[in-house]
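Given next are the chains, with one letter for each unit.
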Amino acid sequence: MVLAAGLGTRLKPFTLRSPKALVPLLGVPTIEFSLLQLRAAGVGSAVVNVHSHADQMIRFLSKDDRGAMTIAVSDESAKLLGSAGGFRKALPLLETSPGKSEVFFSLNADVVCDVNLEQLAQKHEELRKKHGVLLTLCLARGKTLAGLEGSYTEILCDENEGLITGFGAPKNGVPFYTGVGVFETDAFRHLPEGAPSEFVPEVLAPLIQKRKVGFFWTEGLWLDVGSPTLWLKAHFQLQQALKANALPESWKTAIEEGMKTGFFSETDRVVDYGLKASGATTGKNYIAWQGDRVDV
């Protein structure tokens, strides 16, 4: 499942006219990085929840050029259900038969995270057999932490058992949850149907107390595009990784195609995605998106 129902408040004014999941990085809608990852891992079907600008998201997701992977939409346009309520609403789409617990990947549409999903799934299976975990979270460490700005909530772990034991304080340079994980649908069945609910207090924290949450380390590329400044920074990080041939092949292909429709200058720090026809302008040190200007 790819979470794409957020309001994108920090990404305004871009999200005044477009959902944050469709804001492009080097010409590629942000959510497409997650969808390409799933397809490359052999996932045949995905669920995406939508809320803000739902009509745009549904049109985009209806494209039929994603190979054998089909996409179902969990529509939250009438009511935003929170970081856990979205999973609860999507259970009928995630389970092959009612009440049968299923295992699924969870990714965020506004985060680009280069994780080996096959290895993550293997880790979850190991921990499920050993501890009966219902969640396995992908945690960042090492190279992923280098150069990150801002603080993130530290995740405390039992290395010997492979389990998450609690939360630390927000700090720089500490292991944190990347937004990628493997979940069991049983973890969300207790939530009230059709009502908003939140992931950390209502799902994650209680399961940590029961020792039912495992972890998987990653040191791959991790980009948060939640604000205009982070969005611009992500362009340079992606281009550096592209030049170093350090991106998944599917991402590389998508970027090479996406950049044909826009312009990117590393020297002048200008981003322009073919908006001249709509009257938008760009200049040094700011971004224009459908006519809205943001200084960065």
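Sequence order sets the numbering: in each chain, residues are counted from 1 along the sequence as written. Per-residue local features are limited, in this predicted model, to residues with pLDDT of at least 70; the limit for side-chain atom pairs, both in listing and counting, is 80 or more; totals at the level of whole chains, interfaces and linings are taken over all residues. Side-chain descriptors were evaluated using all non-hydrogen atoms of the structure, hydrogens and water having been removed beforehand.

(A) Examining the overall build of the protein more closely. Under the DSSP-based scheme used, a helix requires at least four consecutive residues in state H or I and a strand at least two consecutive residues in state E, with every element numbered from the N terminus. From N to C terminus, the protein includes 7 helices and 17 strands. Of all 296 residues assigned to the protein, the portion counted as buried reaches 50%. Exposure classes here rest on a 1.4 Å probe applied to the protein chains alone. A residue is buried below 20% of its type maximum, exposed above 50%, and partly exposed in between.

(B) Here's a closer look at the environment of Arg141. Relative to the helices and strands, Arg141 resides in the loop between strand S8 (135–140) and strand S9 (152–158). For the pair formed by Arg141 and Gly173, sequence separation is 32 residues and the distance between their alpha carbons is 7.9 Å.

(C) The arrangement of the layout of surface pockets in detail. Within this model, the largest pocket holds a volume of roughly 910 Å³. Lining of the largest pocket is provided by 32 residues; of these, Leu3, Ser83, Asn108, Tyr177 and Gly179 occupy positions nearest its centre. Of all the secondary-structure elements, those providing two or more residues to the lining of the largest pocket are strand S1 (2–4), helix H3 (82–94), strand S6 (103–108), S9, strand S11 (176–184), helix H5 (199–209) and strand S13 (222–224). Tallying contributions element by element places S11 first for the lining of the largest pocket, with 5 residues. Charged residues are taken to be Asp, Glu, Lys and Arg, nonpolar residues to be Ala, Val, Leu, Ile, Met, Phe, Trp, Tyr, Cys and Pro, and polar residues to be all remaining types, Gly included. Partitioned by chemical class, the residues of the lining of the largest pocket number 16 nonpolar, 10 polar and 6 charged. A cavity, in this analysis, means grid points on a 1 Å lattice covering only the protein atoms where a 1.4 Å probe fits yet has no way out; a pocket is instead an open set bounded by protein on both sides within 12 Å along at least five of seven lines, and a residue lines either one if it has an atom within 4 Å of a point. Grid points are joined across faces, edges and corners, and a volume is the space filled by probe spheres set on the points.

(D) Geometry of empty space enclosed by the protein. As enumerated under the stated definition, the model contains 2 cavities of 30 Å³ or more in all. One number sums up the size of the largest cavity: a volume of about 90 Å³. Taken together, Leu148, Glu149, Tyr152, Trp222, Leu223, Asp224, Leu230, Lys233, Ala234 and Gln237 make up the full set of residues lining the largest cavity. Residue assignment for the lining of the largest cavity shows that the elements contributing at least two residues are S13 and helix H6 (228–243). At 4 residues, H6 tops the list of elements feeding residues into the lining of the largest cavity. Along the lines of polarity and charge, the residues of the lining of the largest cavity split into 6 nonpolar, 1 polar and 3 charged.

(E) Representation of the packing of aromatic side chains. The pairing test for Phe, Tyr and Trp rings, Trp by its six-membered ring, is centres within 6.5 Å, and the orientation test on the planes gives stacked under 30 degrees, edge-to-face over 60, and tilted for anything in between. Under the defined criterion, the tally for this structure stands at 14 aromatic pairs. Ring geometry for Phe87 against Phe199: centres 6.5 Å apart, planes inclined by 50°, an arrangement best described as tilted. Placement of Phe87 in helix H3 and of Phe199 in helix H5 is noted, with a sequence separation of 112 residues between them. Each of the two residues, Phe87 as well as Phe199, counts as buried. Taking the centre distance of 5.5 Å and the plane angle of 25° together, the rings of Phe183 and Phe199 count as stacked. Within this pair, whereas Phe183 is found in strand S11, its partner Phe199 is found in helix H5, the two being separated by 16 residues in sequence. The exposure class of Phe183 is buried, given its relative accessible area of 1%.

(F) Spatial organisation of the side chain of Ser74. Relative to the helices and strands, Ser74 resides in strand S5 (residues 70–75). In this description, contact between two residues means that some pair of their heavy atoms is separated by no more than 4.5 Å. With sequence-adjacent residues up to four places away left out, Ser74 is seen in contact with Val47, Val48, Asn49, Val50, Lys89, Ala90 and Leu93.

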